[in-house]
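Residue strings, one per chain:
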Amino acid sequence: MLNALTPQAPDKILALMAAYREDPRDTKIDLGVGVYKDASGLTPVMRAVKAAERQLVETQDTKVYTGLAGDPAFAEALSTLVLGDARPADRLACVATPGGTGAIRQGLELMRKAAPGATLWLSAPTWPNHPAIAKHLGIEIAEYRYFDAETGGVDIEGMHADLSRAKAGDVVMLHGCCHNPTGANLTLDQWGQVADLCVARGLVPFVDIAYQGFGDGLDADAAGMRALIAKVPEALIAASCSKNFGIYRERTGLLMAIAPSAAELKVTQGAMASLNRLNFSFPPDHGARVVSMILTDDALRADWAAELEEVRTGMLGLRESLAAALRERTGSDRFGFLAAHRGMFSLLGATPEQVEAMRRDHGVYMVGDSRMNIAGLNAATVPLLADAIVAAGV
Ligand SMILES: Cc1ncc(COP(=O)(O)O)c(C=O)c1O
């Protein structure tokens, strides 16, 4: 049986990480893998997470199974953080999942079960796991234009034109904030336009929100999505706690489904719990419990929000200094989009040859499509990166 398997294509980011590790230059810069790093290159455990974990060790008296949907307190706390005032309590079904990826996977399985012939529309480009999971599940995919390489912003006309070809019942994947890999995001007004298009054409939005709090702040990052869900009859939302709580390996996520009316809620919730049962039974609980402890305790929550804000403003500062360093070196503002982008990533717009030249000549490691993890920079490496970008003729 196993001899029928064919090798998997090597993971490009893992290969990049290995090449970085082997590079002896002490000026090398790792902008590859998508995790937050502080100025010293570490991905720390957040203070509130440590405190909640300590409390949990002291107080938890059982590790018996949770429900198939996970702990209801987690679903309530996280869905409130994500959906805010737009949370439709009587139409909201939730299941905890292994990370945001698990929420996307479960959401796509739900889509396939409910609408077997529907197409999934993905932004061009998008996080590669979106098409990979959809293809694995046999879901038809189509792309809508999203990134305007000329301006570094969103091609809203192209997006509108492409989504106008979608058929009623198709699903549109949207990044809630901090678009990965481009860093370019819809404005509040553009979210409204996308919502109107979904309503007019009967499209179902599926929002992937993995970086809430990394862009403009916890509420600002969710504002567009909240405006959208206030308008559309139904929606799916996949939330990840990996980045904003820094609990990558705890695998903490939540799939939310907004049903068209309270009447469909029970069936929707049942279908989601059953999909959990079929894939992994009970979702992981440790990270979920830590998150709900933080969100429901005033002191822990305030400390977490303050630390997240330091992370966010640190990345914004790096964006601004990189844009300024490039302005200084090129005498133009054509890299100004780097300061306008939000989140951990920006698509630089370099060719694969330029990406290779930056790696060879300057030890700058970024993904081949020129996605840069801004959190991989610090005050000392910003000028080095700016030099490399200019030298490569980007
Ligand atoms: C766009 C996007 N969605 C979802 C995720 C899911 O992350 P996780 O499964 O680690 O929670 C990521 C992580 O890189 C991401 O970039």
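Quantities reported herein were computed from a predicted structural model and do not represent experimental measurements.

Draft legend 1. Spatial organisation of the overall build of the protein chain. Each helix and strand counted, the protein chain has 14 helices and 13 strands in total. Compactness check: the protein chain gives a C-alpha radius of gyration of 21 Å against a globular reference of 21 Å for 394 residues, within 12% of the reference. Along the first, second and third principal axes, the C-alpha atoms of the protein chain reach 60 × 55 × 55 Å. Summed over its atoms, the accessible surface of the protein chain is roughly 17300 Å², and 55% of this surface lies on carbon and sulfur atoms. When the 37 positive and 46 negative side-chain charges of the protein chain are each reduced to one mean point, those points stand 4 Å apart.

Draft legend 2. Quick look at the packing of aromatic side chains. Tallied over the full model, the rule gives eight aromatic pairs. Geometrically, the ring pair formed by Phe 335 and Phe 337 is tilted, given 6.2 Å between the ring centres and 45° between the ring planes. A relative accessible area of 4% places Phe 335 in the buried class. Overall, Phe 337 belongs to the buried group, its relative accessible area being 14%. Members of the aromatic cluster, joined through ring pairs, are Tyr 36, Tyr 211, Phe 214 and Phe 345. A cation over an aromatic ring shows up here: Lys 28 above the ring of Tyr 20, its NZ or CZ 4.5 Å from the ring centre.

Draft legend 3. Quick look at helix α10 (residues 286–296). By the criterion of burial, α10 is predominantly enclosed, with eight of the 11 residues buried. For α10, every residue scored as buried is listed here: Gly 287, Ala 288, Val 290, Val 291, Ser 292, Met 293, Ile 294 and Leu 295. Close packing links the buried residues of α10 with α2 (47–59), α3 (72–83) and α11 (298–330).

Draft legend 4. Examining the pattern of salt bridges more closely. Applying the stated criterion across every chain yields a total of 19 salt bridges. Glu 109 is the partner of Arg 105 in a salt bridge, and the nearest nitrogen-oxygen pair spans 2.8 Å. One end of the pair is Arg 105 and the other is Glu 109, both in helix α4 (residues 99–114) and four residues apart, which spans about a single turn. With a relative accessible area of 26%, Arg 105 lands in the partly exposed category. The closest approach of N and O atoms between Arg 327 and Asp 333, which form a salt bridge, is 2.9 Å. Each of Arg 47, Asp 303 and Glu 307 takes part in one network of salt bridges that share partners.

Draft legend 5. Molecular detail of the packing of helix α6 (residues 156–163) against helix α7 (residues 188–201). Packing of α6 against α7 brings their axes to within 11 Å, and their N-to-C directions diverge by 10°. Here α7 runs roughly parallel to α6, going by the angle between their axes. Residues Ile 156, Met 159, His 160 and Leu 163 of α6 lie in contact with α7, whose contacting residues are Gln 190, Gln 193, Val 194, Leu 197 and Arg 201. For the contact of α6 with α7, a count of residues per class yields five nonpolar, three polar and one charged.

Draft legend 6. Region of interest: the environment of Met 111. Here Met 111 shows up in helix α4. C-alpha of Met 111 to C-alpha of Ile 13: the two residues are 98 residues apart in sequence and 29 Å apart in space. Once you skip the residues sitting within four places of it in the chain, Met 111 turns out to touch Pro 116, Ala 118, Thr 119, Leu 120, Ile 139 and Val 171.

Draft legend 7. Region of interest: a nonpolar patch on the surface. Residues Met 1, Leu 2 and Leu 5 make up a contiguous nonpolar surface patch of roughly 420 Å² in combined accessible area. With respect to the helices and strands, the residue Leu 2 is situated in the segment before α1 (12–22). Accessibility expressed as a relative area gives 59% for Leu 2, which makes it exposed.

Draft legend 8. Focus on unusual backbone geometry. In the segment running from Ala 124 into Pro 125, the intervening peptide bond is cis, with an omega of 0°. Here Pro 125 lies in the loop between β3 (119–124) and α5 (129–136). Cis geometry marks the peptide bond from Asn 180 to Pro 181, where omega comes out at 20°. Relative to the elements of secondary structure, Pro 181 occurs in the loop between β7 (171–175) and α7. The phi torsion at Ser 281 lies on the positive side, around 65°, for a residue other than glycine. For Ser 281, the position within the fold is in the loop between α9 (265–279) and α10. Notably, Ser 370 is not glycine yet its phi reads approximately 75°, a positive angle. On the basis of relative accessibility, which here comes to 0%, the residue Ser 370 falls in the buried class.

Draft legend 9. Here's a closer look at the site of the ligand. As a matter of local geometry, the ligand sits amid 13 residues, with Thr 101, Asp 208, Tyr 211, Ser 240 and Ser 242 nearest to it. Gly 100 is positioned such that a nitrogen or oxygen atom in its backbone is 2.7 Å from an oxygen atom of the ligand. In the environment of the ligand, an oxygen atom lies 2.5 Å from a nitrogen or oxygen atom belonging to the side chain of Thr 101. Isolated, the ligand exposes 390 Å² of accessible area, and the fraction of that covered by the protein chains is 91%. A total of four residues in the shell around the ligand trace back to one element, the largest contributor, which is α4. When grouped by side-chain class, the residues that make up the shell around the ligand number four nonpolar, six polar and three charged.

About the thresholds
- Residues numbered from 1 in each chain as written.
- Predicted model: local features only at pLDDT ≥ 70, side-chain atom pairs only at ≥ 80, totals over all residues.
- Heavy atoms only, no water.
- Helix = DSSP H or I, 4+ residues; strand = E, 2+ residues; numbered from the N terminus.
- Rg over C-alpha atoms; globule rule 2.2 N^0.38 Å.
- Areas by Shrake-Rupley, 256 points an atom, 1.4 Å probe, with all protein chains shown as cover.
- Lys, Arg positive; Asp, Glu negative; His and termini not counted.
- Charge placed at Lys NZ, Arg CZ, Asp CG, Glu CD.
- Phe/Tyr/Trp six-rings, centres within 6.5 Å; stacked < 30°, edge-to-face > 60°.
- Buried < 20%, exposed > 50% of the residue type's maximum accessible area, 1.4 Å probe, protein only.
- Lys NZ or Arg CZ within 6 Å of the ring centre and 35° of its normal.
- Contact = heavy atoms within 4.5 Å.
- Salt bridge = Lys/Arg side-chain N within 4 Å of Asp/Glu carboxyl O.
- Axes fitted to C-alpha atoms, helices over the stretch in contact; angles between N-to-C directions.
- Parallel < 35°, antiparallel > 145°, perpendicular 65-115°, else oblique.
- Nonpolar A, V, L, I, M, F, W, Y, C, P; charged D, E, K, R; others polar.
- Patch = residues over 30% accessible without salt bridge, like charges linked within 9 Å, V, L, I, M, F, W, Y side chains within 5 Å.
- Near = heavy atom within 4 Å.
- Polar contact = N/O pair within 3.5 Å; in protein donor to acceptor, adjacent residues only side chain to side chain.

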